[in-house]
Structures are given as C-alpha cells and as structure tokens.
Amino acid sequence: YKTMKSIKTLGIIIVIISMITIIFTGCGEEKKAAVAAYNSECSRIEAEQATLEKSISDSQALIDSKEKPYDNSTIPALETAITDAKASIVEIPKKEGNAEKINALVNDKLKKISYTKANETLLSVKSELEDSIKIMKQVTNPSEAFVISRIKDIDTITGYSAVTEDNDPNGNLNKAGGYTAVIYFASSQIKEEDKLWLDGTIIENGTDGGGCIEVYATEDDAIKRRDYLAIFDGTRTASGTHTVVGTVLVRTSNCLTASQQKELEKKIIDNLTQLR
C-alpha cells in the first residue's frame, strides 16, 4: 500500500514538474521571440538613422562648400531641413521586463520610430540647392553658343546675331569690365511703324529690333551695366528692360509694349535657367 502511495505521489510530482517545465519553457520561448522582434526593430532604426545622419552630413558639407546658388533662399531652406532632421532623432528605449512588456515596447514605440520620411524630405531640399547651384554655374559667363541654343526656339524671336570685335556697336567686347559675348535678336512683335526705321541688320538695329543678351565675366560687371542703363529709364533715350541673371544681362526692346517685354523676358530667363 505504501509502495502504491509513493508511486502515486511520485507521479503527481512528475506531472507538476512537467507542467512547470512546459510553462517556463513556453515563457522562455515567448521572451526569446519578443527579444528577437526588439532586436530586429532596433537594427532597422539604427540603419535608417545612419542613412539620415549621412544625409545630414552631406547636406552640411554642401552648405559649407560656399557654392553660390541661383536662388539664395535654397540655403536657409536646407539649414532648416538639417535642423528638423537632427531633431527627429530619438534615443531607442531599452528592453526590460517580460515578453508582454517587450512586445508592447516594440509595437507601441519602436515600430513608430522611422527616419525614412525625414531623410526623403532632407534629400529633396538638398536637391533643390544642388539644382540651384547648377543653374548659377549655367548662367555664369556662359558661352555664346549656350545663349543662342536657349533663345533660338522662342516663338517671337525671328533671328539673332552675335557680335565680333569688328562689328560690336559699343566696342566693349572682351574689354576689362565689358561683355564677353553679345547676341542681338529680332522680334516679330515690333510694331509696323517702328519697322520702317529698323531696316538694317540685326546688329545694326540693336536692342530696338527686339533685344539682346549681354554676357559678363562677373555679376558685378553685369550689375554695373544694368545700373548704367537704368539711368535712362523713363526718358526719350530709354533702351528697354534690363535684368541681370547670374552674370547675364537680358534686355528687351523699348519698342515692345510693357506686357510684351515682360513676357519675352520671362521666356528668355526661363530658358537660360532651365536644367536640361
């Protein structure tokens, strides 16, 4: 009898031990799975953060390069984007507690941490500054051929001619402070009564025949020329509009109406500053 009782007791103990083992084994597996999920999310976050930090570093290096953009507002815009990107980085919370707490941490916090959008935003603003720098280089002392390639398809421009040192009306080509290239162009919008006295070559008709593009080595030289022409604005000797784009002076004829001048000038500037 005692032997049977001992056997039963031993059986109960074995069952209890087995149940405890199963419970603890199950808990151990659950925690192992929770820790694995935690580590996986941490790896993702760390990889995204590394990518964002590189974008931050590259963006700051672009600003520090001091390269001049066409649109000066692109620099402070990138500075702001860098600041926002840095502020988005948070510390990864440490794992602690049982499987349930770790899973809650993963689902409620870690999965909500992502730097993908912040990185995309930063790269987009950085790209705008990069493009603006490219545009500025494009309109800094461009070649005669470049200017012609950008104005020849404008529908109201009917012809164009680049000056040489032999036929330059102002005699300033390649002189100190003077232009490095000048391209005069004719316009179909010139009024019929004005065409009666505009009967020479495109260069002889000058800016009055439609307009011209003057290219300078520096922005200061272009600005000095613009400011000189501005002295005659509103007078009988006014020569039309004159707008500086990089180191280029875009001029349109005084024989055009104000709206025609504005429209033509916009088309020219748009073409000169377009990245292709």
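Residues numbered from 1 in each chain as written. Predicted model: local features only at pLDDT ≥ 70, side-chain atom pairs only at ≥ 80, totals over all residues. Heavy atoms only, no water.

**Q** I'd love a proper account of the sheet that holds strand β4 (residues 241-245), names of residues and values included.
**A** Pairing within the open sheet is antiparallel, and its 5 strands lie in the order β1-β2-β3-β5-β4. Looking along the sheet, the strands with just one partner apiece sit at the ends: β1 (157-162) and β4. The average undirected angle you get between the axes of adjacent strands in this sheet is 20 degrees. Both strand β2 (residues 179-187) and strand β3 (residues 210-216) contribute to a ladder of 7 bridges, which runs antiparallel. Bridge assignment links Phe-185 to a residue of β3, and that residue is Gly-211. Strands in contact with helix α5 (residues 144-151) are β1, β2 and β3; relative to β2, the strand with the most contacts, it is inclined by about 25 degrees. (Pairing = 2+ DSSP bridges. Helix = DSSP H or I, 4+ residues; strand = E, 2+ residues; numbered from the N terminus. Axes fitted to C-alpha atoms, helices over the stretch in contact; angles between N-to-C directions. Contact = heavy atoms within 4.5 Å.)

**Q** I'd love a proper account of the pairing of β3, names of residues and values included.
**A** Counted residue by residue, β3 has 7 buried out of 7 residues, so it is predominantly covered. Across 5 bridges, the pairing between β3 and strand β5 (residues 248-252) is antiparallel. The residue of β5 that forms the bridge with Cys-212 is Arg-251. (Buried < 20%, exposed > 50% of the residue type's maximum accessible area, 1.4 Å probe, protein only.)

**Q** I'd like a rundown of helix α8 (residues 219-230), residues and numbers included.
**A** Owing to its 3.6 residues per turn, the α-helix aligns residues three or four sequence positions apart on the same side. Taking 1.5 Å as the rise per residue, α8 with 12 residues should run 16 Å; its terminal C-alpha atoms sit 16 Å apart, in good agreement. Three or more residues of α8 are buried, namely Asp-221, Ala-222, Arg-225 and Leu-229. On an axial view of α8, the arc spanned by its buried residues comes to 100 degrees, and they lie on one face. Looking at α8, the residues exposed on the side facing more than 90 degrees away from the buried face are Asp-220 and Lys-224. Close packing links the buried residues of α8 with β3, β4 and β5. (Expected span 1.5 Å × (residues − 1). Arc of directions from axis to C-beta.)

**Q** Run through the packing of aromatic side chains, naming residues and quoting values.
**A** Two measures describe an aromatic ring pair: the distance that separates the ring centres and the angle between the ring planes. For the coordinates displayed, the defined rule picks out 2 aromatic pairs. Centre to centre, the rings of Tyr-179 and Tyr-216 are 6.0 Å apart; their planes meet at 70 degrees, and the pair counts as edge-to-face. Residue Tyr-179 is found in strand β2, and its partner Tyr-216 is found in strand β3; the two are separated by 37 residues along the sequence. Across the pair, exposure class does not vary: Tyr-179 and Tyr-216 are buried alike. Ring centres of Tyr-228 and Phe-232 lie 5.3 Å apart, and the angle between their planes is 75 degrees; on these two criteria the pair is classed as edge-to-face. (Phe/Tyr/Trp six-rings, centres within 6.5 Å; stacked < 30°, edge-to-face > 60°.)

**Q** So what about the environment of Ile-202? Which residues, and what values?
**A** With respect to the helices and strands, Ile-202 occurs in helix α7 (residues 202-205). Separated by 55 residues in sequence, Ile-202 and Thr-257 have C-alpha atoms that sit 20 Å apart.

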